[in-house]
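If you want the building blocks of each chain, they are given just below.
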Amino acid sequence: MAGKLGARGGTLESRLFYVPVLNRGWLVAGRAFPYTSRPMEHRLHIYYGYGKGKTTSSVGLLIRTAGAGQKAALVQFDKGFDGVNEHYSERKILRTLPNLQLFPFGKERVLGPNAFRFKNIEGDFAEAQAALAQARELITQGDQNLLVLDEILAAVMVKLVSREEVMDLIELYNRNRRCELVITGHQVWPELVEKADLVTEMRKEKHYFDQKSPSKEGIEF
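Just so we're clear, the structure is a prediction, and the values are computed from it rather than from any experiment. (Residues numbered from 1 in each chain as written. Predicted model: local features only at pLDDT ≥ 70, side-chain atom pairs only at ≥ 80, totals over all residues. Heavy atoms only, no water.)

### Side note on the sheet that holds strand 6 (residues 72–76)
We count it as follows: For two strands to pair, DSSP has to find at least two bridges joining them. Labels follow the DSSP assignment, with helices taken as runs of H or I lasting at least four residues and strands as runs of E lasting at least two, numbered in each case from the N terminus. Axes here refer to lines fitted to C-alpha atoms; in helices the fit is confined to the stretch in contact. Angles between the N-to-C directions go from 0 to 180 degrees.
Taken together, 6 strands build an open sheet; the order of strands is 7-6-10-11-5-12 and the sheet is parallel. The sheet terminates laterally at strand 7 (100–104) and strand 12 (198–201), the two strands that pair on one side only. Averaged over neighbouring strand pairs, the angle between their axes works out to 10 degrees when direction is ignored. In this structure, strand 6 lies alongside strand 7, joined through 5 bridges in parallel fashion. Bridging across to strand 7, Leu74 finds its partner in Leu102.

And the structure:
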């Protein structure tokens, strides 16, 4: 029997419906996808949505992997570092972990306390391509047990990276799943969901940002 319908929030493009279909697969956005029967050690995870927790969850996995004595790598899209001003507090800890490689890419967007640059500039596109190149290298040549591509889906949303480039990365990964792969961001699409083994939506029920609350160090950054 079909399971209970789970409504997913978000934009029309990301509003997906998941229903177990006669123990054969999932019904996603009106399309049926069979359960994956192929044996595999490593899986593709997606954490997406407009709620808080995507990067937080992936950082937790990185720490868990490092704690297990395994190797991990983190490629961050559109979260650059100028070598002086660190606006993402978790990276101060991640840099101290011997089993973790950190690759931040992107031009500076934090302009000051609660000031952020939203408009893309020319350098943003070059940084996004550099992040993609790093991801390809780690997928094909890296020795990590876990690879996180943080905010790659957000980079798609702001048009720094195309859907086709993301799907090409997934195809490259599927040729030889040498590690666990995690991707994060705001929006997904059916073809991407079809390729994933785990999809978790961070759906916003309520957020203090809507009350104009400022970002808090140690919580948001």
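### Here we look at the pattern of salt bridges
Pairing is possible between side chains that carry opposite charge, provided their charged atoms lie close to one another. The criterion, for reference: The term salt bridge refers to a side-chain nitrogen of Lys or Arg lying within 4 Å of a carboxyl oxygen of Asp or Glu. Relative accessible area decides the class of each residue, using a 1.4 Å probe on protein chains only: under 20% of the type maximum gives buried, over 50% gives exposed, and in between gives partly exposed.
A complete count under the given rule lists 5 salt bridges for this structure. A salt bridge links Asp150 to Lys79; its shortest N-O distance comes to 3.0 Å. Here the residue Asp150 occupies a position in strand 10 (residues 146–150), and Lys79 occupies one in the loop between strand 6 and helix 2 (90–94), the gap between them amounting to 71 residues. Lys79 shares its class with Asp150; the two are buried. Salt bridges sharing partners connect three or more residues here, namely Lys79, Asp150 and Glu151.

### Topic: the nonpolar core
For soluble globular proteins, the rule of thumb is that nonpolar side chains tend to be buried together. Put simply, the rule reads: Buried Ala, Val, Leu, Ile, Met, Phe, Trp, Tyr and Cys residues that are joined via side-chain atoms within 4.5 Å together make up what is termed a nonpolar core. Contacts were defined at the residue level, with two residues in contact if any of their heavy atoms lie within 4.5 Å.
In terms of nonpolar packing, the biggest core is built from 36 residues, with Leu149 and Leu153 touching the most fellow members. Apart from residues no more than four positions distant in its own chain, Leu153 is found in contact with Ile46, Tyr48, Val166, Ile183, Thr184, Gly185, His186, Gln187, Val188, Trp189 and Leu192. Grouped together as the second largest cluster of nonpolar side chains are 13 residues, Tyr47, Leu61, Leu62 and Leu74 included.

### Focus: the side chain of Thr65
With respect to the secondary-structure elements, Thr65 resides in helix 1 (residues 54–67). Accessibility expressed as a relative area gives 11% for Thr65, which makes it buried.

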